[in-house]
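Here are the chains, one letter per residue:
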There are 2 protein chains.
Amino acid sequence: MANTLYAGVPQFYVAVDCIIFAYENNDIQVLLQKRKIEPFVGEPTLLGGFVGAEESLDDAAHRVLLERTGMKDVFLEQVETFGEPDRDPGGRVISTAYYALLNKKLHDTRLIQKFGCEWYSLKNLPMLHFDHSKMLAKAIGILRDRIGYSPVALNLLPAEFTLTQLQRVYEGILGMELDKRNFRKRLKEMPYFIETGKKDKSFSKRAAALYNFDWMMYKQLKYYHL
Amino acid sequence: MANTLYAGVPQFYVAVDCIIFAYENNDIQVLLQKRKIEPFVGEPTLLGGFVGAEESLDDAAHRVLLERTGMKDVFLEQVETFGEPDRDPGGRVISTAYYALLNKKLHDTRLIQKFGCEWYSLKNLPMLHFDHSKMLAKAIGILRDRIGYSPVALNLLPAEFTLTQLQRVYEGILGMELDKRNFRKRLKEMPYFIETGKKDKSFSKRAAALYNFDWMMYKQLKYYHL
DNA sequence: GGAAAATGTGTCACATTTACACTCGAATAT
DNA sequence: ATATTCGAGTGTAAATGTGACACATTTTCC
């Protein structure tokens, strides 16, 4: 026994559950997995996993992402920890929810199929068991809030993107339409949105300008303005 | 063994740590406790406790509050969960941080003395061991954000309060001075700040009007405006 | 009765936010 | 080759919100 110091103190299973967001076809989506164990076998569930003995919570969430989607360095942020005694009928499990924002083009579609994962539109989410619907709702709330003052939504797009794509991402997250001119006006005031000079024709007849985001400049300006 | 389902999965100690805020003399304060076990015996530490086998995280935080301050029904909100493998040298402990806002007049001063607790001004906080300084910093950040769109700061004041007191609470939390007229102008637009008709002379020569906050009206209006 | 200390009140300049409609360029169909 | 279609791209005016600012009032204390 390594821990004699806290002898007698109860111990718990600790898990992470990931709310994985992606963007495709003007639509924000969430990745859910068919549950493999009782109860609720076959029903969609958040992607979760137990935390390893020598693993941090963040590492566990990154590991779950890597195992299921094949992606490293995915944007992850903690949502909240859920610890009701009866939240999981299989045992006393504390679960920390994370949300992830990933570029759907870079994920491994075979891997997610192998795990029985499927993308669901934010507009048409199924009911989830346990407290997973609460986790999901909280994650959406945090994300909606976050994009108001942080450029995290860019994690849902390729490095080069059009302004219309970015607007669609915001609209999908917020669940409302935005005014094109006002949206673009605000971006123009931010010097870290860089026009690459390239054009994208795949979404329109008239080509749209491709931009990228200068994260270095963003961080420096943000730091400076503290 | 109750849990055969997750056999072989590692288990962890689970704790809560509370960042307890109060207001007194134009000053926001945090309650810290002298640590009783090695390492760092005698140093100030956040008020923490292990979660019981049949207890939720929220319940554990409320219990810690009750044990140490004698207060029930204290405002509590989860901050973040910390789970680095080496965060506590005494064992593998996951800890969920909570912040609490309480009316200092109602707490049991003898009880906190018995536990070796002391109030520290936000303006003059000591360094804390483990990840407790991170927890504290995060809690302050969340609180600063929260008071911008929620009346939680009222939990730091008695049911009847003057507008100057409330302004001092905001100033203490934000760490900056606010304009009196603009502050009061905004409150006047909110119908759930009710003038009681009573006056308070204890803080000024000219008496100040006492207000209370109609939580019912607040919730109803908020709900309605969704 | 005068000084000190905190309460309480309104306006104006400026910045921010919102609403709104047409031309441009390229592909496609006739 | 011409017309049609579709998304890209652009500016202005009105409304709203925010921030700065100064003095009279009431009571206590000396």
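Computed from a predicted model, the values in this text were never measured in an experiment. (Residues numbered from 1 in each chain as written. Chains lettered and ligands numbered in written order. Predicted model: local features only at pLDDT ≥ 70, side-chain atom pairs only at ≥ 80, totals over all residues. Heavy atoms only, no water.)

1. Considering the protein's contact with DNA strand D
Our working rule: Here a residue counts as near a molecule or strand whenever at least one of its heavy atoms sits within 4 Å of it. In the analysis that follows, any N or O atom pair within 3.5 Å is treated as a polar contact, provided that within protein one partner can donate a hydrogen and the other can accept it, and provided that, for residues neighboring in sequence, both atoms belong to side chains. Strands are runs of DSSP state E lasting at least 2 residues, helices are runs of H or I lasting at least 4, and numbering of each runs from the N terminus.
What surrounds DNA strand D is a group of 20 residues, the closest being Lys180(A), Arg184(A), Arg206(A), Ala209(A) and Arg206(B). Taken together, the sugar and phosphate atoms account for 38% of what DNA strand D places within 4 Å of the protein. For DNA strand D, a sugar or linking oxygen lies 3.5 Å from a polar atom in the side chain of Lys205(A). In this structure, a base oxygen belonging to DNA strand D sits 2.9 Å away from a side-chain N or O atom of Lys185(B). When contributions to the surface near DNA strand D are tallied by element, the ones reaching two or more residues are α5 (180-188) and β9 (208-213) of chain A together with α5 (180-188) of chain B. In terms of residue count, α5(A) provides more of the surface near DNA strand D than any other element does, 5 residues in total.

2. Thoughts on unusual backbone geometry
The condition is simple: Burial classification: accessible surface area is computed with a 1.4 Å probe over protein chains only, and a residue below 20% of its type maximum counts as buried, one above 50% as exposed, and the rest as partly exposed.
The linkage connecting Glu38(A) with the following residue, Pro39(A), adopts the cis geometry, with an omega of -10°. Note that Pro39(A) resides in the loop between β2 (27-34) and β3 (44-45). A positive phi angle, near 50°, is found at Phe130(A), a position not held by glycine. Relative to the helices and strands, Phe130(A) resides in the loop between β7 (117-121) and α3 (132-146). Judged by relative accessible area, Phe130(A) falls into the partly exposed class, the value being 25%. One non-glycine residue, Asp73(B), lies in positive phi territory at about 55°. Among the secondary structure elements, Asp73(B) is positioned in the loop between α1 (57-69) and β5 (75-82).

3. Some points on the protein's contact with DNA strand C
Surveying the vicinity of DNA strand C reveals 20 residues, the closest of which are Lys201(A), Arg206(A), Lys180(B), Arg184(B) and Arg206(B). Taking all atoms of DNA strand C within 4 Å of the protein, the share assigned to sugar and phosphate is 36%. Residue Asp179(A) places a side-chain N or O atom 3.4 Å away from a base nitrogen belonging to DNA strand C. Here a phosphate oxygen of DNA strand C sits 2.9 Å away from a polar atom, N or O, in the main chain of Ala209(B).

4. Brief notes about the sheet that holds strand β10 (residues 208-213) of chain B
Residues and elements named next belong to chain B. Stated precisely, the cut-off is as follows: In this description, strands pair whenever DSSP reports at least two bridges between them.
Judged by pairing direction, the sheet is antiparallel, and its 3 strands sit side by side in the order β8-β10-β9 without closing on themselves. The outermost strands of the open sheet, each flanked by one partner alone, are β8 (161-162) and β9 (193-200). Across 2 bridges, β8 lies against β10 in antiparallel orientation. Across the sheet, Phe161 pairs through a bridge with Tyr211, a residue of β10.

5. Examining a negative patch on the surface
Worth spelling out the cut-off: A patch is a set of surface residues, each over 30% in relative accessible area and not in a salt bridge, joined within 9 Å for like charges and within 5 Å for the nonpolar side chains Val, Leu, Ile, Met, Phe, Trp and Tyr. For accessible areas, the Shrake-Rupley method is used with a probe of radius 1.4 Å. Any residue's cover is judged against the shown protein chains and nothing else. The working definition used for a salt bridge is a side-chain nitrogen of Lys or Arg within 4 Å of a carboxyl oxygen of Asp or Glu. The charge count treats Lys and Arg as positive and Asp and Glu as negative. His and the chain ends do not count. In this description, the location of a charge corresponds to atom NZ of lysine, CZ of arginine, CG of aspartate or CD of glutamate.
Negative charge collects at one region of the surface, where Asp58(A), Asp59(A), Glu84(B) and Asp86(B) lie side by side. Inspection of the secondary structure puts Asp59(A) in helix α1 (residues 57-69).

6. Looking at the relation of the copies chain A and chain B
Note the cut-off: Here the copies were fitted onto each other by least squares, based on C-alpha atoms from residues at pLDDT of at least 70 in both.
Of the transformation superimposing chain A on chain B, the axial component is 0.0 Å and the angular component is 180°, with the fit at an RMSD of 0.1 Å. Put plainly, the chains are arranged around a two-fold axis.

7. Here we look at the domain arrangement of chain A
Interfaces are often described in size by the accessible area the parts lose on coming together. All names here are of chain A. Selection criterion: Where each domain begins and ends follows an automated or database-derived domain assignment. Residues are treated as being in contact if the distance between any of their heavy atoms lies within 4.5 Å. A 1.4 Å probe defines the accessible area here, and the buried area is the portion of it lost by two parts on being joined, summed over both.
Looking at the assigned domains, one finds that chain A contains domain 1 (11-146) and domain 2 (154-221). Between domain 1 and domain 2, the C-alpha centre-to-centre distance is 27 Å. Opposite the 13 residues of domain 1 that make contact, domain 2 presents 10 residues. In this assembly, domain 1 packs against domain 2 so that about 1100 Å² is buried in total across both faces, 66% of it on carbon and sulfur atoms. When the buried area of domain 1 at its contact with domain 2 is split by residue, Tyr23, Ile28 and Arg144 rank highest and sum to 45% of it. Viewed at the interface, domain 2 and domain 1 are joined by 0 salt bridges.

8. Things to note about the interface of chain A and chain B
The cut-off we apply is this: Polar here means any residue outside two lists: the nonpolar Ala, Val, Leu, Ile, Met, Phe, Trp, Tyr, Cys and Pro, and the charged Asp, Glu, Lys and Arg; Gly therefore counts as polar.
With 32 residues of chain A at the interface, the matching set in chain B holds 32 residues. Both sides of the chain A and chain B interface together cover about 3000 Å² of buried area, and 60% of this is carbon and sulfur. The interface formed by chain A and chain B includes 12 residue pairs in polar contact (both at pLDDT 80 or more). Going through the elements one at a time, β1 (11-24), β5 (75-82) and β6 (93-101) of chain A are the ones with two or more residues in the side of chain A that touches chain B. Here the side of chain A that touches chain B is composed, by residue class, of 16 nonpolar, 10 polar and 6 charged. Sheet topology places β1(A) next to strand β1 (residues 11-24) of chain B; 3 bridges connect them, and they run antiparallel.

9. Focus: the nonpolar core
The tendency in soluble globular proteins is for nonpolar side chains to be buried as a group. What counts here: Only buried residues count toward a nonpolar core, which is a set of Ala, Val, Leu, Ile, Met, Phe, Trp, Tyr and Cys residues joined through side-chain atoms within 4.5 Å.
In terms of nonpolar packing, the biggest core is built from 48 residues, with Ile20(A), Leu65(A), Leu102(A), Ile20(B), Leu65(B) and Leu102(B) touching the most fellow members. Mapped onto this core, the elements with two or more residues apiece are β1, α1, β6 and β7 of chain A together with β1, α1, β6 (93-101) and β7 (117-121) of chain B.

10. Some words on helix α6 (residues 215-224) of chain B
The buried fraction of α6(B) amounts to 1 of the 10 residues, a small share that puts the element mostly on the outside. By the N-cap criterion, in which a side-chain oxygen at the helix start approaches the backbone nitrogen of a residue two or three places on, α6(B) is capped by Asp214(B), the distance to Met216(B) being 3.2 Å.

11. Considering the pattern of salt bridges
Residue and element names in this part refer to chain A. All chains considered together, the criterion is met by 26 salt bridges over all chains. Salt-bridge contacts for Glu24 lead to Lys104; the nearest nitrogen and oxygen are separated by 2.5 Å. With Glu24 in strand β1 and Lys104 in the loop between β6 and α2 (109-114), this pair connects stretches of sequence that are 80 residues apart. What makes Glu24 partly exposed here is its relative accessible area of 35%. Each member of the salt-bridge network shares a partner with another, and the members are Glu55, Arg63, Glu67 and Arg68.

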